[in-house]
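Spelled out from the first residue to the last, the chains are:
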Amino acid sequence: MSAPTVRSVPPGRVERYLLDQLRGGPLHFTLIDPEKSPGERAATIARGAVGLGSHLILLGGSTGISPAGMGAAARAVKAAVPVPVVIFPQGPDSISPDADAVLFMSLLNSRNLDLVVRAHARAAPLVRKIELEPIPMGYLVIAPGMRVGEVGQVDVVPRDDPAAAVGYALAAEYLGMRFVYLEAGSGAPEPVPDSIVRSVRSAVRIPLIVGGGIRSAADARPLLAAGADVLVTGTITEEEGLGDAFRGIVAEVGRARVG
Ligand code: 1GP
């Protein structure tokens, strides 16, 4: 009788790229909304951002994106840059075979079970069929939470409650998620407090992504010092293009890298 086969899920190509890159220090992701910046416009932003040192392009937004719009943006961006192009989904309609991967993320502190796991159950067979790499991730919204806090029906983690964030992040890790994302909300007046980043970083082993409200090098510095592995910016490029603020943030991440 043959031994039972143990099957584990190895990291996919994009996840391996991220883990490799993270050995050199923190990373920067540029979030582009294909509704605001469709097709070639998204590609132009991506080209500039990667030229300045950003490590990955996220495609997503806070409202509904059609699969066609996502597909057009993903194709244009992929043709323009050598880094992975990853979907930051709003739901099953954001899935497109033209990207390299999808953040397969559970909104950990939502009251709506659809956003915790049920929409995932609907999307998963399609992700498998089109062979899109799923990157398992816990997504945790910290106050103020902005629009994602509202539409996501989130019980936001208060800004003075690192212990609550640690609990969720550890739960994500113990559930087998391979990244955790602390989100203050797109356009938040201030980023996630560095006290929360520091507490979560010291508790979990999985890489820690931080986004929402990062608008300057001065915002980025304490988050990096607190141990953020990835900083995500979106609004800054939409409002100011790839100007001084964006360059300052990416340079700050670059300075924190070894070599
Ligand atoms: C939003 O964390 C991202 O999901 C980026 O936030 O738009 O505030 O940069 P900003």
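About the criteria used
- Starting from 1, residues in each chain are numbered consecutively following that chain's sequence as written.
- The model is predicted, so local features are restricted to residues of pLDDT at least 70 and side-chain atom pairs to those at 80 or more, both for listing and for counting; the totals for chains, interfaces and linings are taken over all residues.
- Computation of side-chain values: all heavy atoms of the structure, hydrogens and water removed.
- Here the aromatic set is Phe, Tyr and Trp, taking the six-membered ring for Trp, and pairing holds for ring centres within 6.5 Å; pairs whose planes are under 30 degrees apart are stacked, those over 60 apart are edge-to-face, and all others are tilted.
- Under the DSSP-based scheme used, a helix requires at least four consecutive residues in state H or I and a strand at least two consecutive residues in state E, with every element numbered from the N terminus.
- When a residue's accessible area, from a 1.4 Å probe over protein chains only, is under 20% of the maximum for its type it is buried; when over 50% it is exposed; and in between it is partly exposed.
- Our arc is simply the arc of the directions from the helix axis toward the C-beta atoms.
- Here, nonpolar core means buried Ala, Val, Leu, Ile, Met, Phe, Trp, Tyr and Cys residues that are tied together by side-chain atoms lying within 4.5 Å of each other.

Draft legend 1. Quick look at the packing of aromatic side chains. In total, this model carries three aromatic pairs according to the counting rule given. Taking 5.7 Å as the distance between ring centres and 90 degrees as the angle between the ring planes, the aromatic pair formed by phenylalanine 88 and tyrosine 139 counts as edge-to-face. Of this pair, phenylalanine 88 sits in the loop between strand E3 (85–87) and strand E4 (101–107) while tyrosine 139 sits in strand E5 (residues 133–141), and the two are 51 residues apart along the sequence. Here tyrosine 139 falls in the buried class, since its relative accessible area comes to 5%. Consider the rings of tyrosine 139 and tyrosine 181, whose centres lie 5.1 Å apart with planes at 85 degrees: the pair is edge-to-face. Placement of tyrosine 139 in strand E5 and of tyrosine 181 in strand E6 (residues 179–183) is noted, with a sequence separation of 42 residues between them. Accessibility assignment for this pair places tyrosine 139 and tyrosine 181 in one class, buried. Ring-pair connections join several aromatic residues into one group, and the members of that group are Phe88, Tyr139 and Tyr181.

Draft legend 2. Just helix H1 (residues 13–22), in detail. Buried within H1 are the following residues: Val14, Glu15, Leu18 and Leu22. The buried side chains of H1 occupy one side of the element, clustering within an arc of 100 degrees when seen end-on.

Draft legend 3. Structural context of the nonpolar core. In terms of nonpolar packing, the biggest core is built from 30 residues, with Leu182, Val197, Val200 and Leu231 touching the most fellow members. Contributions of two or more residues to this core are made by helix H6 (162–174), E6, helix H7 (194–203), strand E7 (208–211), helix H8 (217–225) and helix H10 (244–256). In terms of residue count, the dominant contributor to this core is H6 (four residues).

None of this, on its own, says anything about what the molecule does.
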